[in-house]
Amino acid sequence: MSKKTLTAITYGSVIIFFVLLMVLIFAVAGNWAFMAGWLFMVAFCVPTLIITAYFLKKDPKLIERRVMPTETRPVQMIGQSIAGMLFFALIALSALDHRFGFSTVPMAVSALADILIMLGFYIVFRVFEVNSFASRAIETMKEQKVITEGPYSVIRHPMYAGAAMIILSIPIALGSWVTELIVLPLIAVIVFRILDEEKMLRAELPGYEAYCKKTKFRFIPHVW
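Residues numbered from 1 in each chain as written. Predicted model: local features only at pLDDT ≥ 70, side-chain atom pairs only at ≥ 80, totals over all residues. Heavy atoms only, no water.

Caption draft 1: Expanded view of the overall build of the protein chain. The number of helices and strands found in the protein chain is 8 helices and 0 strands. Taking 17 Å as the expected radius of gyration for a compact globule of 224 residues, we find that the protein chain reaches 18 Å, a close match to that expectation. Counting only C-alpha atoms and orienting by the principal axes, one finds that the protein chain spans roughly 55 × 45 × 30 Å. Put simply, 80% of the contacts in the protein chain that link residues at least 6 apart link residues at least 24 apart. (Helix = DSSP H or I, 4+ residues; strand = E, 2+ residues; numbered from the N terminus. Rg over C-alpha atoms; globule rule 2.2 N^0.38 Å. Contact = heavy atoms within 4.5 Å.)

Here's what the structure looks like:
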């Protein structure tokens, strides 16, 4: 794929996603002056744009792997579909909470959650810096090697850890305690994906078994 085509597809997808987020937050909340919603949009969208622009220039193959591949195995296709639905439910129900006032989060706490969202994106950025093979789909690729530096020296799946930090922080950033309940099944999908990915990597990626023995924790340092 040409870089021009990849850039057009990537930014087109990002813009559509941002518009959908905006509709889910402000239309569902019934309030376009929803300050926590706007702060969340900044905390979520600005890092996304920075990461996208940076790696389109530095490592377009990585962006192509993040944008183009789709899962081919039914179990992962189902998992991704469930995760996508739960993510948008997380946004929409947080907005509904604001609309009907089921729970209240102080603005200072919401702002702290926005900071954690940006920290989660920083972890993802660091992952992309050291691992150009971080594909959207679970697969092994020609010339792929085991990555052991950067965040991979601490845990085996740092990108999922960064994503989990973002997911956990979203409801609080949008002013909802109640919607944290949706986070639990989302984290369960991530855990399943980790276990399934490790099974494949142990079987297909030379050196991964030895890496697992050296780097003992998958997702949370000193926990799991």
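Still more to cover.
Caption draft 2: Examining a nonpolar patch on the surface more closely. A contiguous nonpolar patch, built from L112, I115, L116, M118, L119 and Y122 and spanning about 560 Å² of accessible area, is present on the exposed surface. Inspection of the secondary structure assignment puts I115 in helix α5 (residues 107-130). (Patch = residues over 30% accessible without salt bridge, like charges linked within 9 Å, V, L, I, M, F, W, Y side chains within 5 Å. Areas by Shrake-Rupley, 256 points an atom, 1.4 Å probe, with all protein chains shown as cover. Salt bridge = Lys/Arg side-chain N within 4 Å of Asp/Glu carboxyl O.)

Caption draft 3: Inspection of the layout of surface pockets at higher detail. Within this model, the largest pocket holds a volume of roughly 1500 Å³. Lining the largest pocket are 33 residues, and of these F17, F44, R66, R136 and A163 lie nearest its centre. Tallying contributions element by element places helix α4 (residues 74-100) first for the lining of the largest pocket, with 7 residues. Looking at side-chain class alone, the lining of the largest pocket contains 21 nonpolar, 9 polar and 3 charged residues. Of the volumes computed, that of the second largest pocket is approximately 260 Å³. Lining the second largest pocket are 14 residues, and of these I123, I155, P158, A161 and F219 lie nearest its centre. Elements with a minimum of two residues in the lining of the second largest pocket: α5 and α6 (158-173). When residues of the lining of the second largest pocket are assigned to their parent elements, the largest contribution, 5 residues, is made by α6. (1 Å grid on protein atoms, 1.4 Å probe; cavity = no way out; pocket = protein on both sides within 12 Å on 5 of 7 lines; lining within 4 Å. Points joined across faces, edges and corners; volume = space filled by probe spheres on them. Nonpolar A, V, L, I, M, F, W, Y, C, P; charged D, E, K, R; others polar.)

Caption draft 4: Layout of helix α1 (residues 3-29). A rise of 1.5 Å per residue sets the reference length of α1, with its 27 residues, at 39 Å; its end C-alpha atoms lie 38 Å apart and thus fit the reference within 8%. By the burial criterion, the buried members of α1 are L6, T10, V14, F18, L21, L24, I25, F26 and A29. Where α1 is buried, its residues meet α2 (35-58), α3 (60-67) and α4. Looking one or two places after α1, you find G30, whose phi comes out positive at around 70°. (Expected span 1.5 Å × (residues − 1). Buried < 20%, exposed > 50% of the residue type's maximum accessible area, 1.4 Å probe, protein only.)

Caption draft 5: Molecular detail of the environment of T7. Tracing the backbone shows T7 in helix α1. Judged by its relative accessible area of 24%, T7 is partly exposed.

Caption draft 6: The pattern of salt bridges, seen in detail. One pass over the full model with this rule turns up 6 salt bridges. For R126, the salt bridge identified is with E129, shortest N-O distance 2.7 Å. Taken together, the residues R126 and E129, both in helix α5 and 3 residues apart, mark about one turn of the helix. A relative accessible area of 31% means that E129 is categorised as partly exposed. In this structure, E198 engages R202 in a salt bridge whose closest nitrogen and oxygen atoms are separated by 4.0 Å. With a gap of 4 residues between them, E198 and R202 both fall in helix α7 (residues 180-204), about one helical turn apart. Exposure remark for E198: the relative accessible area of 2% places this residue in the buried category.

Caption draft 7: Focus on the packing of aromatic side chains. In this structure the tally under the stated criterion is 18 aromatic pairs. An angle of 85° between the planes, with centres 4.8 Å apart, marks the rings of Y54 and F55 as edge-to-face. Judged by relative accessible area, which is 33%, Y54 ranks as partly exposed. Since its relative accessible area comes to 1%, F55 is described here as buried. Ring plane angle 80° and centroid distance 6.3 Å describe the contact between F219 and W224, whose orientation is recorded as edge-to-face. What makes W224 partly exposed here is its relative accessible area of 28%. Following the ring pairs from residue to residue traces out a cluster consisting of F17, F18, F40, F44, F87, F88 and F121. (Phe/Tyr/Trp six-rings, centres within 6.5 Å; stacked < 30°, edge-to-face > 60°.)

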